[in-house]
Amino acid sequence: MAPRPLAALTFVILLLVPLIAQDYWVDQLTRYVLFGLFAMSLSLVWGRGGMLCFGQAMFFGGGGYIMATVTLGMWGEGLTDSLLGLMIALICAAAFAALLGYFLFWGKGLSGAYLAVVTLAIAYVLEQAVKSWYALGGDNGISGVPPITFAGFEFWQTSPRYYLILGVCIVVYALLDRLVRSPFGVMLTGVRTNPDRAMYLGFNVFTIRVTAFVIGAVIAALSGALFVAVDEFASPTLIGFALSTEVLIWVALGGREMPLAAFVAAILIRIVETYLSELFGAYWILALGGLLMVSVVMLPKGLLATPFALFQSRRKLNQQ
Amino acid sequence: MLAINHLHAGYGNSQVLNDFSITVPAGEVLALMGRNGMGKTTLLKATMGLLPIAAGEIRFDDHSIVGRASHDIARLGLGYVPQGREIFDDFTVLENLRLGLMGHASNNQTLPEQIFSWFPVLRDRADQRAGSFSGGQQQMLAIARALVSGPKMLLLDEPTEGIQPSLVHDIGLRLREIARDTGLTILLVEQNVDIVRTIADQVIFMENGKAVEQVPVGAIRQDDDLLARHLTL
Amino acid sequence: MTDIAILILNTTSYILILVLVALGLVVVFGMMGVINMAHGELFMLGAYTVVVAGQMGLPFWLGALLAPLFVGAVGLLIEWMLIRHIYRRTLDTILATWGLSIVLKQAVVLFYGPSSQSVTVPIAGAVAIGDFSYPIYRLLLMTMAVMLIAGMLWLFLRSDFGLKARAVMARPDTAACLGIDTRAMYRRTFVIGAALAGFAGAIVAPLISVDPSMGLGYLIPGFISIMVGGAGALSGVLLGGGLVGATNNLLTVWLSPVLAQIAVFLLAIIIIRLRPSGLMGGRHGT
């Protein structure tokens, strides 16, 4: 887990952005911050839980589509409240994740390579399914999703919306931080590093895994639901294969074991992508692929997490 | 034939071998004895290049072999019969033997007849799946496999482990016969005193990653106190 | 009657291609614990080889011969630059080769654009079988696929190379101590897998639309075939490929492509959960 001062610094910087940046960039950053939240969910499931999920976007997009359909009244005429939409999205995500987790991890659960390939197949198949689902707008998705309404306010203006989203991220990060440092977090690490030994020590590996998987799904769904309310649009790309692998890249490059590194990496990569996309286009994606290869071989802990972790050890040395 | 000087080697942070030095003269059969965990298997593995060597030198047949790939070391004429035999269970006897030759780049890929005269059971069961053999037969196969390429020296790691006593003696006699006939140098890691007495010329005792005492095999025939000191807790 | 015969033939040809793809994947996995997520891109590169050959005015068959050579060479480069650093780090190989697949795909996009290309069928015309006709090229494709599969099986199960390869797969340290150059075996196996994928892509090219993202559509069924059939024996690949290919193709015709994929995936998942190592057993008897 990243040292708390570093996290605080990151969020302070993010809080200050609207004071110095134009509305357009703050708007973009709002979306990137949500991607960062999404990346944190994968960091929990994969980095801390040891479950390499190639299809994490199914929860992101799933949460998004549920939010969209609820707030547009498709579930019921009067049930269009943002908070309701969020809650339904989170509950559905938790339920689905529990079901999926049960199936994937029960008994001699799938792990490692098999899990990766299976979740890859899930992501692939799911995308095809959503694209051909007429009610969800097929290829075109659902547009006109209403903005977030909270405590009577409609959050469509740039700055208030940004601060709301950032606030959510900070809260989730704080909770995640506590979770990782809690006894559950320790058990999760144990299950990740040596599942057999964890089992012999009496831990219920299955329950721990499913719990982490569900929490990750809920965070992903939260970020996806908020995203469609910000973007006012839900499309198959949010549930699809491409995003599933993109988030994997963000987390792998940033540092899977450190949610803060994943968070920052997602934001930075998306900033660079937007900034450079006109200039470099396909070369950028190629470079990302290359970076991924290099990072796995040489810096498996992550390009950001490795230096971030140095802060931690240095601090500890200074305190002695 | 084999000279090991001040070897330090082990697994990651735990170094098992600590300034280990021995010399095995050509044509001699040397037994390495010691309690479990003293580093006997580690030594053989490090010699064959299966483990990284932190410091020290190993010279085989006057070649320095530290840092060389295992297959290169094998091709120099150093044969290895690992602990647990490690035969290929799913392959036939013949295939196991042929694999002993295939790694060596030579045009002559026919199995020497001698192998079968030393171990007739292998000829009888040439096409049987090696996994169906008993422990003793598998051991003979493992030894034969290491011998087909005509090595100059053989490293054996506890060949009698898990084998019934009558076969132990049998294997011992054959090894002695082979050593006398071909001048093969042997480094034998063993806990079984009987086979050591049967074939070894010299015995070295190992403790905590170091070689601590060397005696001619005759000494342990008479002085069981030696064994008590080095082999029991 | 005609419809069923054509269905069976089409299914068979799909199964054969699937098995070709999966064979390349499984020997690399069995040999050095590497899961090559870029295998589909190697297949794609083979297809593009004949596309480019066609554009340069070369005959199809020359392109098809060049494909395994070119893709094999690419495989050699990949093995040297990336794969040898990650032997046996199975999970890391997934990520690293994933990055590689992105690089390969994007490289092709940069050179040839994202849209699909087509390759004209080298032998047009159909053959009369009973009272229906079936394209000659498809029959030829199946024949070549069968020969290739037989060739791979012979190579790995009967030849001396195969004996050494299987020895290295079973007990790499022991094999090395017998004088077998394991590094060279890894390299050769990877190149063979790559060349096989390249050739498969080349001969399939005239029948499909060739675009940079076509690899994934073969990679995933390939993986599923291996997981269903088991990674321990080559026979597993045949069985897995047969089951997955048949189910996919038949359901595509009877239901729809999307439903077929979902159904295949669900069936596969159930089989894997019941028999985690696949129907014929996993790597090294796991």
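### Side note on the overall build of chain B
And step 1. Along chain B, the regular secondary structure elements total ten helices and ten strands.
And step 2. A globule of 233 residues ought to have a C-alpha radius of gyration of about 17 Å, and chain B, at 17 Å, matches this closely.
And step 3. Seen through its principal axes, chain B has C-alpha atoms that stretch 45 × 40 × 30 Å.
And step 4. The burial tally for chain B puts 43% of its 233 residues in the buried class.
And step 5. Of the contacts formed within chain B by residues at least 6 apart in sequence, a portion of 68% connects residues at least 24 apart.

### Here's the deal with the environment of Leu2 of chain B
All names here are of chain B.
And step 1. Position of Leu2 among the secondary structure elements: in strand β1 (residues 2–11).
And step 2. Given 22 C-beta atoms within 10 Å, Leu2 falls into the buried group.
And step 3. C-alpha of Leu2 to C-alpha of Thr185: the two residues are 183 residues apart in sequence and 9.0 Å apart in space.
And step 4. Contacts of Leu2, omitting those with residues within four sequence positions, involve Val24, Phe60, Met153 and Leu187.

### What about the interface of chain C and chain B?
And step 1. Listed per partner, the contact involves 15 residues of chain C and 17 residues of chain B.
And step 2. Mapped onto the side of chain C that touches chain B, the elements with two or more residues apiece are α6 (160–170) and α7 (172–177) of chain C.
And step 3. If one sorts the elements of the side of chain C that touches chain B by residue count, α6 of chain C sits on top with five residues.
And step 4. Tallied by class, the residues present in the side of chain C that touches chain B amount to seven nonpolar, three polar and five charged.

### Some thoughts on the interface of chain C and chain A
And step 1. Facing the 30 residues of chain C at the interface are 27 residues of chain A.
And step 2. Elements that contribute at least two residues to the side of chain C that touches chain A include exactly α4 (90–112), α9 (216–229) and α11 (257–274) of chain C.
And step 3. Broken down by element, the residue count for the side of chain C that touches chain A peaks at 15 residues, all from α4 of chain C.
And step 4. Residue composition of the side of chain C that touches chain A, by class: 24 nonpolar, five polar and one charged.

### Side note on the packing of helix α6 (residues 158–181) of chain A against helix α9 (residues 205–231) of chain A
Relative orientation and spacing of two packed helices are given, respectively, by the angle between their axes and the distance between those axes.
Residues and elements named next belong to chain A.
And step 1. For the pair α6 and α9, interaxial distance at closest approach is 12 Å and the crossing angle is 180°. For the element pair α6 / α9, the angle class is roughly antiparallel. Two secondary-structure elements touch here, α6 through Arg161, Ile165, Val168 and Val172 and α9 through Ile219, Leu226 and Val230.
And step 2. Partitioning the contact of α6 with α9 into residue classes produces six nonpolar, no polar and one charged.

Cut-offs used in this document
Residues numbered from 1 in each chain as written. Chains lettered and ligands numbered in written order. Predicted model: local features only at pLDDT ≥ 70, side-chain atom pairs only at ≥ 80, totals over all residues. Helix = DSSP H or I, 4+ residues; strand = E, 2+ residues; numbered from the N terminus. Rg over C-alpha atoms; globule rule 2.2 N^0.38 Å. Buried ≥ 20, exposed ≤ 12 C-beta atoms within 10 Å, placed from the backbone. Contact = placed C-beta atoms within 7 Å. Nonpolar A, V, L, I, M, F, W, Y, C, P; charged D, E, K, R; others polar. Axes fitted to C-alpha atoms, helices over the stretch in contact; angles between N-to-C directions. Parallel < 35°, antiparallel > 145°, perpendicular 65-115°, else oblique.

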